[in-house]
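# Residue-level structure breakdown
Chain by chain, the residues:
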Amino acid sequence: MAEKLSEEQKVKIYLNNLSALKTIRQQFEPMVNDVILYVNHGRRKIDDDLVKGTKTGIDVYDGTAITAKNIMRDGLCGYTVSQHFRWFEYTLPGKFNFPRWSGMRSWSGKRMDEYSEVKKYLLDREDVSRAAFLRGNFYDLYPDFIDDGLTIGTVTFDVEEDLYSGRIVFTIPHFRECFIAENRYGWVDTNYRKYKISLKNLVERFGFERMKEIDSNFSNLYDQNPYQEREILRVRYPRKDYDHLRLDKINKPFASIWVDTKSKKIIDESGTDDLSSITWRYRVNSDERPYGRSPAWDALVEILKANQIGKTNLKAGHRAVEPPFIAPADMRGKVNRGPDAWTFYDNFSEKTLPKPLYTNIQIPFGIEIQDREDKVLREYFHVNFFLLLSQAAFEKVEMTATQVMGMQSEQAAILGTRIGRLHSEVLNPIHDRVCNIEEKAGRMPEVPDILLDYIEILSRRGEATGIETDYLGPLAQAQKRIFKLQGINAGVEFLGRVAMFAPEALDKVNLDKTVEEGLDAVSWPASCLNTEDQIRKIREIRQQQRQAQQVLEAGEQVSKMVQRTGKEIQPKSAMDFVMGGKGEGVA
């Protein structure tokens, strides 16, 4: 956007864009409201923002979908991200290719992260990132983020740094607040967030003087009630006029603008090197962009059916327990229907006795129908994958470890496409954002010279130089097992059969590389691997031991031969050397 525009013109453009984005989102809102109502009612519907603390869940008569969603949410969190295990590592998968005249020519063909200095740098970088995640509130909010993704289908993380505490703060806006747009490659790069902030928080963020400049009556409003809220529009989008040669807080790749919708003035205009709002869509239809769908969207028909079954059965059960009664008109107000109650009347007669209007009321939907609906809903949320062992124990099914790993790998393959989008749209951008924040704060380790030199070479070639994130959670490992380790195991089994009649076939295989790939597939810690020097020394010692053993065995055989001949060994002879130079005769 051109900087020559006046503030009034800019605000007008922002509000017009917001209106256009609202129109796009309106098509998705009815479905989102239904999903929130039946599967995520604690989030409150889009139009329920006026009264906080509203009672929710009163329209839900079957909790199967909510329970299944909770299991999938907790399972995804536990299988992908946790503060209790090492769930990611940084890698440089590219290989060195130094020119012939370089003193590092011997490293050509090897991965960059195999070099000791580069490996140490990446490990130190991981430690800084882990510390940043632990200092912030990422682990606290990640389950809620996944929860919205599995129900609403589109959810956003706002990622900012608290400069005073050095913490990275994550926020999850409600779907009602965010209006998004994609770039031509399908990535969400624009986010208009319209929401309310208390006057106190506005002062903490922008300062009291700045807010008085925005609204001349702000001081009076603040004195009356600093906790009253004011509507703000935050605009973030990629700048088309970004100039990498000019350094200031506005000239950044992504714009970050705060607009006061009441006064229609810009409170603050700045920018960021990366997008501070990160949006995840569980699944996106090509003709429904930019908003996503979720398992709850896919299962909504079954959810409504199960809800209706539960509601109908509840009504039938209520009528069976407390049916309507009929009685003579002269007994109006005289019949006591309470527990352990007595009703006294004269002239007892069966005909005048109060009785139920309906009898033999049956529950319309049996257990079998409800169980079938429960099973279908659980399949939508992949409950079997996350509770595989629990269900096997409950059903008293005995499985071997190989069978368990095989079934988990099978389910992981089914979830692979969804987890791939979680990595690419959420976790990768979060790592980029966290690393950039830590880099600017001076907490990241210094880049080794060899890596700087090689990055410069790659930049001249126009090749990518970025650090990649490899995920090590149980779900990622299950996917690795099915796509990588199973192939290695099948190959080893095949080689074993071939080697029985053609041992020289093993010469075709680099066993060291095979072991490395197998250990990588099971996430063997790099710190537990021997270096090339250590391996060489171990093999040299083993070779020496083999040679010594061969000499010893040869000596024993010669000794037996000499004993059989009965001849004396001559000093300094070849036989004497084989026997250790002792020149001992035969008794």
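Because the structure is a prediction, the values reported are computed rather than measured. (Residues numbered from 1 in each chain as written. Predicted model: local features only at pLDDT ≥ 70, side-chain atom pairs only at ≥ 80, totals over all residues. Heavy atoms only, no water.)

### Quick notes on the pairing of strand β7 (residues 254–260)
Most of β7 is tucked away, with seven of its seven residues classed as buried. Burial along β7 is two-sided: the residues Phe254, Ser256, Trp258 and Asp260 and Ala255, Ile257 and Val259 are all buried. By the bridge criterion, seven bridges tie strand β6 (residues 229–238) to β7 in an arrangement that is antiparallel. Bridged to valine 235 within β7 is isoleucine 257. Two elements, β7 and strand β8 (residues 265–272), share seven bridges in a ladder whose sense is antiparallel. The partner of aspartate 260 across the bridge, within β8, is lysine 265. Counting the residues in the hairpin turn of β7 and β8 gives four residues, including lysine 264, whose phi is positive at 55°. (Buried < 20%, exposed > 50% of the residue type's maximum accessible area, 1.4 Å probe, protein only. Helix = DSSP H or I, 4+ residues; strand = E, 2+ residues; numbered from the N terminus. Pairing = 2+ DSSP bridges.)

### Some details on the pattern of salt bridges
If the charged atoms of two oppositely charged side chains come close together, the side chains can form a pair. According to the stated counting rule, one finds 41 salt bridges in the structure shown. With a closest N to O distance of 3.1 Å, aspartate 158 and arginine 236 form a salt bridge. Here aspartate 158, found in strand β2 (residues 154–162), pairs with arginine 236, found in strand β6; they are 78 residues apart in sequence, far enough to count as distant. The pair formed by aspartate 158 and arginine 236 is uniform in burial state, with each residue classed as buried. A salt bridge links glutamate 209 to lysine 212; its shortest N-O distance comes to 3.4 Å. With a gap of three residues between them, glutamate 209 and lysine 212 both fall in helix α7 (residues 208–214), about one helical turn apart. Residue class for lysine 212 comes out partly exposed when judged on its relative accessible area of 31%. (Salt bridge = Lys/Arg side-chain N within 4 Å of Asp/Glu carboxyl O.)

### Points about helix α10 (residues 300–321)
If you check α10, its first and last C-alpha atoms are 31 Å apart, about what 22 residues at 1.5 Å a residue would give, namely 32 Å. Among the residues making up α10, those that are buried are Leu300, Glu302, Ile303, Ala306, Asn307, Ile309, Gly310, Asn313 and Ala316. Looking at the packing, one finds that the buried side of α10 touches α2 (29–39), α3 (64–80), α9 (295–298) and α11 (367–380). (Expected span 1.5 Å × (residues − 1). Contact = heavy atoms within 4.5 Å.)

### Observations concerning the confidence of the model for the protein chain
Caution applies to low-pLDDT regions: their predicted coordinates should not be interpreted in detail. Averaged over every residue, the pLDDT of the protein chain is 83; the share at 70 or more is 83%. Considering only residues more than four positions removed or in separate chains, one finds that residues 583–587, a stretch of pLDDT under 50, has seven contacts. (pLDDT = per-residue confidence, 0-100.)

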